[in-house]
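# Survey of secondary and tertiary structure
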Amino acid sequence: MNPDPLGFIFLDAAIINNFVLAAFLGICPFLGVSAKLKTAVPMGFAVIFVMTVAAVCTYAVNQLLVYLDVPYLRIIAYIAVIASTVQLVEMVIKRFSETLFRALGIFLPLITTNCAIMGMALFATAREYGFMQTVVYGLGAGVGFMLALVLMAGLREQLELSDVPSIARGAALTLLIAGILSMAFMGFAGLGS
Amino acid sequence: MSQNSLVMELRSPPHVRQALTTPVIMANVVYAMLPICAFAVFSYGASALLLLMTCTAACVLTEHVIAKASGNPTPIGDYSAAVTGILLALTLPPGFPLWMGALGGVVSIVLGKTLFGGLGCNVFNPALVGRAFLQASFPVAITTWTPPYMDGRFVQGIPSSFTLPFLEPISVVQFVEDSGIDGFTGATPLAAQLFEQQPTSLADLFFGTTAGSLGETSALIILICGIYLAARGMMNWRIPAAIFASIFLVGGFFYTLNPDVNPNPFFMLLSGGLMLGAVFMASDLVASPTSPFGMWVYGVLIGAVTYIIRMYGGLPEGIMYAILLANAASPLIDQLTQPRTYGSRLRSKAA
């Protein structure tokens, strides 16, 4: 068991070791879906949702793997379990709440197999978090992802009208902003330790 | 009663008054920074002067060369590159190697400004982008401090200033010992307070007799220069006011909770780069929100994050990161704090 308090775990996942800006996981959706706030916000909620679901089910699967003494199956088992659980939950949402399903839309299946989700599950296992700790860690990771995504989307919307030189247009500018944001998040390094 | 010779001059309306232009504002920012530069040179001597000149020259030259290479008219006449260069130098320690300062200037202009589309499009404060780059690249050099008021500081530079590019900076320990100053710990007041629980007197912090970055030591001079800019309407007073108020209130709250562990709020206010950052960097016209309420939110965010990084982070000072983060958040703050259009109803659905 890891002795860290829940509040610290949340802040650690969301800000101090932000998944996108400090651990560099989940860069693909971060760059791809951050052009508009309108898409960034639902994507952020979808990530929070999937992270939390993944945290719950990988914790259970890990208990099973440890019980059966087959820890080397962890990665493949996590992939299968996260993907299938999210699909299952998506079906349930579609059946019971059409509005929520529309809001999350394409984003749910899009991020199911993302490395940020996988990384969260593996980090939580490696740090030997208990059940509540794992859930809070997943939630924090999702909130951190959303924070980075929303900041990025705001900046990109602001820069839409600016006269960016041709060499820096498009992906280059996005990566430049990501780099500066990442430098800004370096200020939180070592927080609380 | 003596005869006075006052003449009343009458002119017919409309009275046209020239609006403030960017070059005028930027030139005034430069004037406002000159007393700070003068005090830095007075405290730290030749090295400070060389560092100021190197950073400014690097910024202005980079701006000029890029404009020429891309076939645009050169924008260095608007003084904004000079402002960036001076600000960058003011945040660096006095013995900072000159080549690193020049590199920081180039990075400030290229990565912080030109690639975003030049002045008016830089979503981050360019000087702070350069400073953050230097902090990440040269963490030791940027935290090596030398004491102020050393003998012979005007004729002899600090040896680490003249480090050749890509070589390890020359150690200043021997230099400081040779100059006959006793008990210099190589720490700024903020680091001494946070890591060694050594308080510094508030008067020293206010008048600037402590060690630190070039421009951060004297709160008094920075305040006077800030009041000048605010009085001329070239800087919005709300942003520094919000930062001072938030760090004072947050600091005061924790100080009343536990005065033994948490420093005095006046200390938090006067120490480190808070004053310089709040007055000259957070108030960057481009990278800060435009609505009055948004400015308060922005300032409070900077103050709170600075307090958190100072008290709980691995670094003694956090104002730079706080401003960069708030710069990143300012488009969102602007969107969320749009003032009500005159005549429209509050919370109308058409918004």
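Criteria and cut-off values
Every residue gets a number counted from 1 within its own chain, in the order that chain's sequence is written. Each chain is given a letter, starting from A, and each ligand a number, starting from 1, according to the order in which they appear as written. Under the rules for a predicted model, residues below a pLDDT of 70 receive no local features and side-chain atom pairs below 80 are neither given nor counted, while totals for whole chains, interfaces and linings still include all residues. Excluded from the side-chain calculation are hydrogens and water; included are all heavy atoms of the structure. For the exposure calls, accessible area comes from a 1.4 Å probe over protein chains only, and a residue counts as buried if that area is under 20% of its type's maximum, exposed if over 50%, partly exposed in between. In DSSP terms, a helix is any run of H or I states spanning at least four residues, a strand is any run of E spanning at least two, and both are numbered starting from the N terminus. What makes two residues a contact is simply this: any of their non-hydrogen atoms within 4.5 Å. Like-charged residues within 9 Å of one another, or nonpolar side chains (Val, Leu, Ile, Met, Phe, Trp, Tyr) within 5 Å, are grouped into patches, provided each residue has over 30% relative accessible area and no salt bridge. To be clear on the numbers: accessible area is Shrake-Rupley with a 1.4 Å probe, and residue cover counts the displayed protein chains and nothing else. A pair is scored as a salt bridge if a Lys or Arg side-chain nitrogen falls within 4 Å of a carboxyl oxygen belonging to Asp or Glu. Here, the term nonpolar core denotes a set of buried Ala, Val, Leu, Ile, Met, Phe, Trp, Tyr and Cys residues that are joined through side-chain atoms within 4.5 Å. Residue ranges for the domains originate in an automatic or database domain assignment. Throughout, buried area stands for the accessible area (probe radius 1.4 Å) lost by two parts on being put together, summed over both. The definition of a polar contact used here is a pair of N or O atoms within 3.5 Å, where within protein one atom must be able to donate a hydrogen and the other to accept one, and adjacent residues in sequence count solely through side-chain atom pairs.

## Notes on helix H3 (residues 80-90) of chain B
Within H3(B), 11 of the 11 residues are buried, which leaves it mostly tucked inside the rest of the structure. Along its buried surface, H3(B) packs onto helix H1 (22-44), helix H2 (46-69), helix H4 (98-112), helix H5 (126-137) and helix H12 (274-281) of chain B.

## Quick look at a nonpolar patch on the surface
Residue and element names in this part refer to chain A. A grouping of Leu6, Val56, Phe131 and Met132 is seen on the molecular surface, where their side chains present a nonpolar patch of about 330 Å² in accessible area. Checked against the element boundaries, Phe131 lands in helix H8 (residues 131-158). Using a relative accessible area of 37% as the deciding quantity, one classes Phe131 as partly exposed.

## Here we look at the nonpolar core
If you look at the biggest cluster of nonpolar residues, it comprises 150 residues, and the most contacted ones within it are B:Phe124 and B:Phe280. Two domains each provide a minimum of three residues to this core, namely domain 1 (19-144 + 146-186) and domain 2 (236-351) of chain B. With residues near it in sequence (within four places) discarded, B:Phe124 still touches A:Leu155, A:Ile177, A:Ile180, A:Leu181, B:Gly112, B:Phe116, B:Val129, B:Ala287, B:Leu324, B:Asn327 and B:Ala328. Of all hydrophobic cores here, the second largest spans 5 residues; its members include B:Met150, B:Ile158, B:Val172 and B:Val176.

## Looking at the domain arrangement of chain B
Residue and element names in this part refer to chain B. Parsing chain B into structural domains produces domain 1 (19-144 + 146-186) and domain 2 (236-351). For domain 1 versus domain 2, the distance between C-alpha centres works out to 25 Å. Counting from both sides, the interface comprises 20 residues of domain 1 and, opposite them, 14 residues of domain 2. Interface area for domain 1 against domain 2, summed over the two sides, is near 1400 Å², with a carbon-plus-sulfur share of 79%. Contact with domain 2 buries area across many residues of domain 1, yet Phe124, Asn125 and Leu128 alone supply 33% of it, more than any other trio. Counting the contacts that link domain 1 with domain 2 gives 0 salt bridges. Connecting domain 1 to domain 2 are 2 residue pairs in polar contact (both at pLDDT 80 or more). Those elements that place two or more of their residues in the side of domain 1 that touches domain 2 are H1, H3 and H5.

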